[in-house]
Amino acid sequence: MKLIIDTDPGVDDALAIAIAVALPEISLLGLTTIFGNTFVPQSSRNARFLLDLFAADCPVAEGAALPWGAETYDPADNVHGPEGLGARADIPQIGQNTDEAAADFLVRLAQENAGELTICAIGPLTNIADALARDPGFARNVKELVIMGGALDQPGNITPFAEANLFHDAAAADAVFQSEMNIVMIGLNATLQTLLTPADLTDMARTAPKVGGFLEEIHDFYFGFYRSVGIMDGCPMHDATSLLACLWPERFKFTETGVRVIVDGDEIGQTIRDESRPNVRIALGVEADWAIQTAKNAVAQLH
Ligand code: BDR
Ligand code: CA
């Protein structure tokens, strides 16, 4: 599978990228970066650092620094850490970003791999919406867009209504759901079922001391956030679950409906049904034990 990950690394993004590097089924054509868990320059620096740590080599194209129409953006560093990768403060700059901006990179790669490219978007959807605006053929050229985001008929995680990725650029997300892209939405309905525990990360550290040990270290901070809000001793495997859906949709249960994203007011970022929109496949559940075990098996390959 030819894959680009659009990402804001991010603790759970780091796990998703590690799995993508490890799985032989995936040919990783690039990472495009986006503001979200950090500012976008930090996202790009983290993406290049992670590729180096995972002994992978692919382009990193930097994307949007701000949500559509916004003049500022302020990441919440209590969730993923001050630099996005847990308590780490000393993340080196390794290599460089491509000269091409993320939206141009996405448009070009989609043209060059028309009908073959899957995009897994695990941050706010600004880059995807920018690519759609730039090239009328983009929606058709992309084989599938798998989104980590949204919550259908259930509460959000950043507000009572909204999931974080779609909340951070609701207008861009709504533009994506209006497009003719072939979209799979892996929202909280599925990702809250895949719970990673500290013991799972200890297993990863044992089977792959360098990569698994790093993932264990950065998840420690993420677990601390979830403990601090009294949710659980562990964390939902949001981004990696979406990555697994690119390859193994048969492990998920889906419904289909058009989707609208509320773009203002208290409910901004909420995903609601809209039958006038093109149908989207929305995951309602996943074989959670399988997902956790598949993630662990993949990381074990990066020893
Ligand atoms: C999403 O928001 C980010 O904090 C995570 O990396 C994930 O992509 C979960 O709502
Ligand atoms: Ca993310």
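Please refer to the structure higher up on the page.
Residues numbered from 1 in each chain as written. Chains lettered and ligands numbered in written order. Predicted model: local features only at pLDDT ≥ 70, side-chain atom pairs only at ≥ 80, totals over all residues. Heavy atoms only, no water.

Draft legend 1. Spatial organisation of the pairing of strand 2 (residues 27-33). Within strand 2, five of the seven residues are buried, which leaves it mostly tucked inside the rest of the structure. As paired strands, strand 1 (residues 2-7) and strand 2 are joined by six bridges and run parallel to one another. Each residue of the ladder has a partner; that of I5, found in strand 2, is L31. With helix 1 (residues 11-22) bridging strand 1 and its parallel neighbour strand 2, the resulting β-α-β unit is right-handed. Pairing of strand 2 with strand 3 (residues 60-62) involves three bridges; the strand directions are parallel. Bridged to T33 within strand 3 is E62. (Buried < 20%, exposed > 50% of the residue type's maximum accessible area, 1.4 Å probe, protein only. Helix = DSSP H or I, 4+ residues; strand = E, 2+ residues; numbered from the N terminus. Pairing = 2+ DSSP bridges. Right-handed = clockwise from strand over helix to strand, strands pointing away.)

Draft legend 2. The arrangement of the site of ligand 1 in detail. The local shell around ligand 1 consists of D12, D13, N37, H80, I122, M148, N157, E163, A164, N165, H238 and D239. Between N165 and ligand 1, the recorded distance is 2.9 Å, taken from a side-chain N or O atom to an oxygen atom. Coverage of ligand 1 by the protein chains reaches 94% of its 280 Å² of free accessible surface. Secondary structure elements with two or more residues in the shell around ligand 1: helix 1, helix 7 (164-168) and helix 12 (238-247). When grouped by side-chain class, the residues that make up the shell around ligand 1 number three nonpolar, five polar and four charged. (Near = heavy atom within 4 Å. Polar contact = N/O pair within 3.5 Å; in protein donor to acceptor, adjacent residues only side chain to side chain. Areas by Shrake-Rupley, 256 points an atom, 1.4 Å probe, with all protein chains shown as cover. Nonpolar A, V, L, I, M, F, W, Y, C, P; charged D, E, K, R; others polar.)

Draft legend 3. Representation of the coordination of the calcium ion (ligand 2). Surrounding the calcium ion (ligand 2) are the protein donor atoms D8 (OD), D13 (OD), D13 (OD), I122 (O) and D239 (OD), which sit 2.2 to 2.6 Å from the metal. Site description for the calcium ion (ligand 2): donor spacing in sequence, D-x4-D-x108-I-x116-D. Here I122 lies in the loop between strand 4 (117-121) and helix 5 (126-134) and D13 lies in helix 1, a separation of 109 residues in the sequence. With relative accessibility at 0%, the residue D13 sits in the buried group. Judged by relative accessible area, I122 falls into the buried class, the value being 1%. (Donors = N, O, S within 2.8 Å, 3.2 Å for Na, K, Ca; no water.)

Draft legend 4. Spotlight on the sheet that holds strand 9 (residues 252-257). The strand order 3-2-1-4-5-6-12-9 describes an open sheet built from eight strands, whose pairing is mixed. Because the sheet does not close on itself, it has two edges, and the strands there are strand 3 and strand 9. Taken pair by pair, the neighbouring strands of this sheet meet at an average axis angle of 25°, ignoring direction. In this structure, strand 6 (residues 183-186) lies alongside strand 12 (residues 280-286), joined through two bridges in parallel fashion. Bridge assignment links M185 to a residue of strand 12, and that residue is I282. (Axes fitted to C-alpha atoms, helices over the stretch in contact; angles between N-to-C directions.)

Draft legend 5. Geometry of the environment of L192. Looking at the element boundaries, L192 is found in the loop between helix 9 (188-191) and strand 7 (195-196). Look at L192 and you get partly exposed, because its relative accessible area is 38%. On a C-alpha basis, the gap between L192 and N157 in space is 9.9 Å, while along the polypeptide they are 35 residues apart. Excluding residues that lie within four positions of it along the chain, L192 makes contacts with Q154, P236 and H238. (Contact = heavy atoms within 4.5 Å.)

Draft legend 6. Seen up close, unusual backbone geometry. The omega angle of the peptide bond from P9 to G10 is -15°, so this bond is cis rather than trans. Looking at the secondary structure, you find G10 in the loop between strand 1 and helix 1. A positive phi angle, close to 60°, is found at D153, a residue other than glycine. Summarising the element assignment, D153 is placed in the loop between strand 5 (142-148) and helix 7.

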